[in-house]
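Below, each chain spelled out in residue letters.
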Amino acid sequence: MLIKRAPDIRSSDITDPKLYLNRREFIRAASGTAAAVATGLALGDAWVEAATPAAHGRKLEGVKKSPFSTDEKQNKWEEITTYNNYYEFGVDKDSPSMLARNFKTEPWTVTVDGECAKKGAMNLEDVLKGETLEERVYRHRCVERWSMVIPWIGFPLANFIKKCEPTAKAKYIEFQTLNDAKQMPGLRSPVLRWPYVEGLRMDEAMHPLTILVVGLYGEVLPNQDGAPLRLAVPWKYGFKHIKSIVRVKFVEKQPLNTWQDQASNEYGFYANVNPTVDHPRWSQATERRIGEFLMRKTLMFNGYGDQVASLYTGMDLRKNY
Ligand SMILES: Nc1nc2c(c(=O)[nH]1)N[C@H]1C(S)=C(S)[C@@H](COP(=O)(O)O)O[C@H]1N2
Ligand SMILES: [Mo]
């Protein structure tokens, strides 16, 4: 059953209509894939609305609580695994829950290059080596004005960066998502330029709130949420939280992130949550917490200002949106 929620800005409202691949076409395009067959979507022209929460998977051992967690009410597993943006698996919020089901996350390799001493392929086990996993309950605010509270499990990105030994020239870090059209039916649509790319300034990347995520609610991360490895930067809009990361590059110049590439007048590099800087097509002053009816006030830096505001001292946040 399609889970209906309070009215929201639909992906079709924020995407150039020319490029927007509608649900019916999308499912037809995807129906050749194993994923679509497995989820019962490939029924000729008849299509089924079959958003289903992720099955419960493997429990993660030895997870510590973190003082960086919010004690706000957490969104449900069902919400966090059926309401996703992940255009590699379709532009509708429930498409990833259906089409990412058979996505292969093992084995997984992250390739490191650019301005660092330790270049090359690292398998996920090496990325995780020596890390203590922490539960970080973070507010998550999408640029489209919805929000959730999500108990991620991960570890500081700073730890990973130290392993790579960046040089003095490394001013930014760039991330890339897997680009595999066989597994990701959304890549057949030109809705974005693939692969999905994101970046952070080095001090943002080293900040203790910035984590690499491998789990959710005490379990291995579900595919629709970016398994096996995704980013969480809680003071920034959701599009900075790149999923299924396969490449990390240390660079001197500010990377061109995917949504800035798509519409630079609407989406910038910094993407700090900021209720005083409107999106050209809507206000960012309020947001809808998924599961709630009334809008709430959006907080500067998504409520993480005490920890991160100093990163932007002297910067014009209207220009650097
Ligand atoms: N590779 C990739 N990463 C992505 C996206 C995407 O389409 N592709 N969407 C982004 C957007 S717009 C949001 S709001 C978050 C949503 O993350 P969630 O599904 O875990 O809530 O993922 C971000 N990361
Ligand atoms: Mo988003």
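Rules of the game
Residues numbered from 1 in each chain as written. Chains lettered and ligands numbered in written order. Predicted model: local features only at pLDDT ≥ 70, side-chain atom pairs only at ≥ 80, totals over all residues. Heavy atoms only, no water. Helix = DSSP H or I, 4+ residues; strand = E, 2+ residues; numbered from the N terminus. Buried < 20%, exposed > 50% of the residue type's maximum accessible area, 1.4 Å probe, protein only. Core = buried A, V, L, I, M, F, W, Y, C linked by side-chain atoms within 4.5 Å. Contact = heavy atoms within 4.5 Å. Pairing = 2+ DSSP bridges. Axes fitted to C-alpha atoms, helices over the stretch in contact; angles between N-to-C directions. Phe/Tyr/Trp six-rings, centres within 6.5 Å; stacked < 30°, edge-to-face > 60°. Near = heavy atom within 4 Å. Polar contact = N/O pair within 3.5 Å; in protein donor to acceptor, adjacent residues only side chain to side chain. Areas by Shrake-Rupley, 256 points an atom, 1.4 Å probe, with all protein chains shown as cover. Nonpolar A, V, L, I, M, F, W, Y, C, P; charged D, E, K, R; others polar. Salt bridge = Lys/Arg side-chain N within 4 Å of Asp/Glu carboxyl O. Disulfide = S-S within 2.5 Å. pLDDT = per-residue confidence, 0-100.

Asker: How should I be thinking about the side chain of T258 in this particular structure?
Answerer: If you trace the backbone, T258 turns up in helix 9 (residues 258-262). Classification of T258 by relative accessible area gives buried; the value is 4%.

Asker: How should I be thinking about the nonpolar core in this particular structure?
Answerer: One recurring pattern in soluble globular proteins is that nonpolar side chains are buried together. By size, the foremost hydrophobic cluster in this structure holds 84 residues, and its most contacted members are F160 and F250. No other element matches strand 5 (residues 146-156), which puts six residues into this core. In this view, F250 contacts V112, D113, G114, E115, C116, I161, C164, P166, A170, Y172, I173 and M202; residues no more than four positions away in its chain are not counted.

Asker: Honestly, the sheet that holds strand 2 (residues 109-114) in this entry has me stumped. Any pointers?
Answerer: Strand pairing in a sheet relies on backbone hydrogen bonds. The paired strands run either parallel or antiparallel. If you walk across this open sheet you meet the five strands as 3-2-11-6-7, and the pairing is mixed. Taken across any chain shown, the strands that pair with only one partner, and hence form the sheet edges, are strand 3 (120-123) and strand 7 (197-201). Looking at each pair of strands side by side, their axes are set apart by 20° on average, direction ignored. Pairing geometry for strand 2 and strand 11 (residues 245-251), over four bridges, is parallel. Considered in strand 11, the bridge of G114 is made with F250.

Asker: I would appreciate a short explanation of the packing of aromatic side chains in the present structure.
Answerer: To describe a pair of aromatic rings, one takes the distance between the centres and the angle between the planes. Scanning the model with the defined rule gives 12 aromatic pairs in all. Ring centres of Y172 and F269 lie 5.7 Å apart, and the angle between their planes is 80°; this geometry places the pair in the edge-to-face category. Residue Y172 is found in strand 6 (residues 172-177), and its partner F269 is found in the loop between helix 9 and strand 12 (286-289); the two are separated by 97 residues along the sequence. The same class applies to Y172 and to F269, which are both buried.

Asker: When you look at the site of ligand 1 in this model, what are you seeing that I'm missing?
Answerer: In the vicinity of ligand 1 lie 18 residues, with Y87, E88, R230, H241 and K243 positioned nearest. A distance of 2.6 Å is found between an oxygen atom of ligand 1 and a side-chain nitrogen or oxygen belonging to K243. In isolation ligand 1 exposes 530 Å². Once the protein is present, 98% of that is buried. Of the residues belonging to the shell around ligand 1, the class tally is eight nonpolar, six polar and four charged.

Asker: Looking at this model, I keep getting lost on the pattern of salt bridges. Mind explaining?
Answerer: Two side chains with opposite charge may pair up if their charged atoms get near one another. Counting across every chain of the model gives 20 salt bridges. Taking the shortest distance from any N to any O, the salt bridge between R136 and E134 comes out at 2.7 Å. Owing to a relative accessible area of 19%, E134 belongs among the buried residues under this scheme. A single salt-bridge network, built from bridges that share partners, covers E72, R139, R141, E287, R289, E292 and R296.

Asker: Where do I start with the state of the cysteines in this structure?
Answerer: In protein structure, a disulfide is the covalent linkage between the sulfur atoms of two cysteines. Scanning the entire structure with this criterion turns up zero disulfides. Here C164 is not cross-linked by a disulfide; its sulfur's nearest cysteine counterpart is in C116, at 5.6 Å. Taking relative accessible area as the criterion, C164 reaches 0% and is therefore assigned buried.

Asker: Even after reading the chapter, I still don't get the confidence of the model for the protein, so can you show me in this structure?
Answerer: It should be kept in mind that the predicted coordinates are not to be read in detail where pLDDT is low. Looking at the protein as a whole, the pLDDT averages 89, with 85% of positions reaching at least 70. In the model, residues 1-21 has pLDDT below 50 throughout and makes 48 contacts with residues more than four positions away in sequence or in other chains. In the predicted structure, residues 31-48 sits below a pLDDT of 50 and forms 30 contacts with residues beyond four places in sequence or in another chain.

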